[in-house]
Amino acid sequence: MNVYIRQFVIELRRNGLWFAFKKALAFLYLRALARPPKFGLLTHDPLISVIVVSYNSQEDLPACLSSIKQQSYPKLEIIVVENGTSDTRGLVESIVPEARWLRAPGNVGFAAGNNVGLEASRGELIALVNPDARLDDECLFELLCAFRLDGNVAVAAPKTRFWTRFVDVHLESDAAFSISSAELESQLNYKKLFIRQGRVDGASIESRVEDRRDGVAKHAVVLRLPMDESCVTLRAIGSSAIKTFTTAVGASVHQPSEGGIPLVLCLRSQDHPGAGWVINNAGTGLRREGPFDIGFGEEDDFRYDTRGKVAAFCGCVALIRRAALVGRPIFRPEFFAYYEDSELSHHCSSLGYRVHYSPRAIAYHKHSVSSSEGSPLWTTLVQRSRLIYEFYRGTKGAKEQLASFLGKTDRYSAVPSGLAETLKTYDAMIGQHEAGGRTIGLYNSYWNTMGGGEAHALGLTLATARPEDEIFLISESDFDIDELGRRFGYDLERCRKLVISTMTREFTARFDIFVNSTFRSNLGSLAKQSFYIVSFPHQEIRKAMLKDYVFLHNSRFTQSWAERLWGPNRGLVVCPTFSVAVPAPSVYAKKEKLALSIGRITNRGHGKNQHSIIEAFRATAGDPDYADWRLCLVGGFDHRDARDATYLARITQMAEGDPRIELLPNCPRAMVNDLLANSAIYIHAAGLGQPEDKPEYHEHFGIAPLEACLFGAWPVVYAKGGPADLVKDLAAGDTYRDFDEFVVVLRSAMQKAAAINHEAVAASARAFRAGNDTRFQSYLAETAKRT
C-alpha cells in the first residue's frame, strides 16, 4: 500500500498538483473540524437505566446484579426483564430491592426483551448487561467518560473478558496423539476452552508437528484452559502417551506420563499464579464475512488498551445514548437473538454516530450460556440472524438469500415448537416498519426557569399527543423532569429527557413532530411536522425558520407583531390555555370586595407594573364607597436578584400607607386559588407606560387573566396586548389606555361589582378555553389527512 501512495505523490508533483492537493486536504480537514458534533459533550451526571434480560437465569443473576449494585457511579435505575418461565422477582429484589422486575409476554427473545426494558426506563443513557456477565466497579463510570470526551458517541463498549483467568497448557509427545474434546469439556466447571495448537477432527483434538530448534520434531497440542478450580484428566489417544506438559504462563511444570498413564491437571489459581485474562470482545470489527469480536480468545495485553472508534459493539455489555434511539427500539425484535447489536451499530454508523471502545471499562462474560454454542438451536438462530443482518445492511444478494431461507418449510426443524412459532411471527416483521406512535420532540433551552412559556409548551404537547406517542423533552443543559411535572401538576411519566449540548437542525429529522418553544431560537427543523411556539416574536429570525416551521402564536397581538417583523408566515393562533385548570362552579358564589393581581414581582422586561396598580387603587383612599375593598398583589419573587429586591422594597413602601393593600410574594398555590375564588375584580397592568414599538415589553397573552376569568373575576386590563384580545373574545371586562383612564375604569368596575354576573364570565372563559384547545388538534388532524 505504501508503494502505491508514494507513486501517487510522485505523479502529483510531476504534474504540479501537489500544492493544490495539500490545500484540498487542509480544507476538508478544517471543514470536518467545523462540523458540529451530533450530540455534543456530556457535561452533567445523567441517570443510567441498566437493563438485564433474563431467561431463567437465576444461577447467573446474583453475580450480575451484585456487580451492578457495587458500581461507583450512583445514578442508576435497574430493570430486570424475565423472558423465561421462572419467577425471579424474589431473587432480584433480595439482591437489589430498588430494582424493577418485569415479566415479558412470553419468550420474546433477547432483542425484544431489551425493548421491553427500554419502554420502562427513564435514563438518558441505557446500559445493557447480559445476565451471564459481571462488571468491574468502575465499568459504567468509565463507559460514561466516553460521552464526556466525544460528542459524536452513540454507544460505548467495554473490554469484555471471559469469566475466569486462563492458562496455556502445552502437551508434547514423540509421536502423534489426540485428546477427546468432549471428555475434556465435560470435566470443566466453566465450559470454555481454546485450542491454540492442534486440529479439531470430529470429537477429537489431533496433535500437530512442532519444529524445534534442535531439529527434533515434536507432536504437540496447546490448550487454553480456564482457572475454574476443576481437576481434569487428559487421556492421550494414539501410539504414544504424552511425555511432558508445560504451563506456558507462569510456573513451568514437567510431568512425564509413561506408558499411557492418564495425566491429571488441577486448574487452581494457586497452582498457576501466572494465569492471565482472555479477551471475549475488545470492540467489534467488520470483515467481508461479517462482524467479528476483536481479540477473541487472545491474552489481554497492551494490544487491547487503546480507546477509540470501532465499527460495532457487542450487546453483552454496552452503554447507549437514548438520543441515538429516537424513532426506533434498541434492537429490531425480528432478530430474536444474535446480530441485533450489529444491526444497531450499522444504524448508528449510517447516521454519522460513533461506537467508542473504552478499554478501562472492564466486564466479564461466561459467553453463550443460554443456548449452547455449536448446538442445532444455536446454529439455526445465528444463521437466521446473520441473513437478517445482511438484509438490513443492504449486502448484495442478501435479499434473495433471506427469501430462500424463509421459503423453507423445515427451516426451524431444530427449534422447539413454541419457539418456532415465535420466530415465524417475527419473520413476517422483517423489512416492515414497526407500527407504533409518533415521536414528538419538545425543545426548550430554559426548562429550569419553569415559567408560563414552559407550562404552555408542556400543556399543548401533552394535550395533543396520542397515548402511543413517544415524547422527548430536550434542552442543551440539564433539568429536573420530575420537578417540572410537580411544579405544573403534569404527569410526565411518559416523557423522556434528552440533554443535547449541541442541538442541530439535523437531529430534528429524527422526530415526526418537533415543537420548538425556546425564546429567540433560530434552530431550524427537518421533522415531518415542525411547530414554533411564539411567545414574543424576535427580530433576528433566519429566513430558513420561516420555511421550516408552522408558527403557533400566543395571541392575535403576537401574530400581528410577527407579521410586522417577519412578513407573511405560516401560522395560527394557539393561546396558552392548556395549562390552565378549570375550577368547580361552586367558586362563583364566594365573591368579595377584593381586587387581585397576579404576576412576577419585577420591573424588568414585560413587568406587571405593580407600582401602577397600587397607585391607581390608592386613588380611591378616603372615599367611603371603597373603604371596604382590598387589593392583593401575588407573584413569584427571586430574592437572589438585587434589582427585584429593590423593586419589592419600593412597592412595599408604597403599600404601607394603605391597610387595604396586601403583598404576597411566593405564596402557596392553595392560597392563590382561594384568592381567585374570592376576588370580584382582576387587574392586569403589563405594558402600561411602555413604548408601543417594543413588543417584548407587552403581555402577549396573560395566563393569569384567563385563569381569573375562569374563576368568574371581572378583568380590568391594559388596552394593548393579549389580555385586551381576551376581553374582546369573552365580551367581558374593561380596558384602559393610560394611567388616568386606568383610575377611572378601576373605580367604575368596583362600583358595579355587585351587579357583575360572575358565572357568565366563567362560562365565557370556559368556552374560549375549549375552542382554543381543539384548534391545534384540528390543525394536526387536517395536516395528517393532507400528508
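What counts and how
Residues numbered from 1 in each chain as written. Predicted model: local features only at pLDDT ≥ 70, side-chain atom pairs only at ≥ 80, totals over all residues. Heavy atoms only, no water. Helix = DSSP H or I, 4+ residues; strand = E, 2+ residues; numbered from the N terminus. Buried < 20%, exposed > 50% of the residue type's maximum accessible area, 1.4 Å probe, protein only. Lys, Arg positive; Asp, Glu negative; His and termini not counted. Charge placed at Lys NZ, Arg CZ, Asp CG, Glu CD. Pairing = 2+ DSSP bridges. Axes fitted to C-alpha atoms, helices over the stretch in contact; angles between N-to-C directions. Contact = heavy atoms within 4.5 Å. Disulfide = S-S within 2.5 Å. Phe/Tyr/Trp six-rings, centres within 6.5 Å; stacked < 30°, edge-to-face > 60°. Lys NZ or Arg CZ within 6 Å of the ring centre and 35° of its normal. Parallel < 35°, antiparallel > 145°, perpendicular 65-115°, else oblique. Nonpolar A, V, L, I, M, F, W, Y, C, P; charged D, E, K, R; others polar. Salt bridge = Lys/Arg side-chain N within 4 Å of Asp/Glu carboxyl O. Core = buried A, V, L, I, M, F, W, Y, C linked by side-chain atoms within 4.5 Å. pLDDT = per-residue confidence, 0-100.

Within the chain, the regular secondary structure consists of 22 helices and 36 strands. With the principal axes as the frame, the chain shows a C-alpha extent of 125 × 75 × 55 Å. Burial status across the chain gives 54% buried among its 787 residues. One finds the centroid of the 92 positive side-chain charges in the chain at a distance of 6 Å from the centroid of its 91 negative side-chain charges.

Sheet architecture is open: six strands sit in the order E33-E32-E31-E34-E35-E36, paired in parallel fashion. This sheet does not close on itself; its edge strands, each paired only once, are strand E33 (661-665) and strand E36 (734-736). Neighbour-to-neighbour, the strand axes of the sheet open up by a mean angle of 20 degrees, direction not taken into account. With five bridges joining them, strand E31 (residues 592-598) and strand E32 (residues 630-635) adopt parallel strand pairing. The partner of Leu594 across the bridge, within E32, is Arg630. Set on the sheet, helix H18 (residues 669-678) makes contact with E31, E32, E33 and strand E34 (679-684); between it and E31 the angle comes to about 130 degrees. Relative to E34, helix H19 (residues 703-710) is tilted by about 165 degrees, and along the sheet it contacts E31, E34 and strand E35 (714-718).

Let us look at the state of the cysteines. Counting across every chain of the model gives one disulfide. Cysteine Cys575 is unpaired, with the sulfur of Cys709 as its nearest cysteine sulfur at 13 Å. In this structure Cys632 is a free cysteine whose sulfur lies 8.7 Å from that of Cys667, the closest cysteine sulfur available. The exposure class of Cys632 is buried, given its relative accessible area of 0%.

The next point concerns the packing of aromatic side chains. Tallying each qualifying case throughout the model produces 32 aromatic pairs. Between Trp447 and Phe479, the aromatic rings sit 6.1 Å apart at their centres with planes inclined by 40 degrees, giving tilted as the arrangement. Note that Trp447 is positioned in the loop between strand E24 (439-443) and helix H12 (452-464) and Phe479 in the loop between strand E25 (470-475) and helix H13 (481-488), a separation of 32 residues in sequence. Of the aromatic side chains, those joined through ring pairs into one cluster are Phe39, Tyr353, Tyr443, Phe472, Phe507, Phe511 and Phe514. Its end group placed over the ring of Tyr364, Arg134 keeps NZ or CZ at 4.2 Å from the ring centre. Directly above the aromatic system of Trp561 lies the positively charged group of Arg564, at a separation of 3.8 Å from the ring centroid.

Relative to each other, helix H9 (residues 376-393) and helix H11 (residues 417-427) sit at 5 degrees, their axes nearing to 13 Å. The pairing of H9 with H11 is recorded here as roughly parallel in orientation. Between H9 and H11, the residues in contact are Leu377, Leu381 and Arg384 and Leu419, Leu423, Tyr426 and Asp427, respectively. Looking at the contact of H9 with H11, its residues break down into five nonpolar, no polar and two charged.

Taken as a whole, this structure holds 47 salt bridges when the rule is applied. In this structure, Asp644 and Arg600 form a salt bridge, with 3.6 Å as the shortest nitrogen-oxygen distance. Of this pair, Asp644 sits in helix H17 (residues 642-655) while Arg600 sits in the loop between E31 and helix H16 (610-618), and the two are 44 residues apart along the sequence. Given the relative accessible area of 0%, Asp644 is considered buried. Notably, a salt bridge pairs Asp641 with Arg604, separated by 3.2 Å at the nearest N-O pair. Highlighted residues: Asp641 in the loop between E32 and H17 and Arg604 in the loop between E31 and H16, separated in sequence by 37 residues. By relative accessible area, which is 27% here, Arg604 ends up partly exposed.

In this section: the nonpolar core. With 74 residues, the main nonpolar core has Phe313, Ile330, Ile474, Phe507 and Phe514 as its most contacted residues. Sorting elements by how many residues they give to this core places H9 first, with six residues. Beyond its immediate chain neighbours, meaning those up to four positions away, Phe313 contacts Val155, Ala157, Thr284, Ala318, Ile320, Phe331, Asp341, Leu344, Ser345 and Val355. Listed in part, the 47 residues of the second largest apolar core include Val716, Leu726, Ile756 and Phe768.

Summarising the model, the chain shows a mean pLDDT of 88, and 92% of its residues fall at 70 or more. Counting interchain partners and residues more than four positions distant, the pLDDT-below-50 stretch residues 248-255 has 21 contacts.

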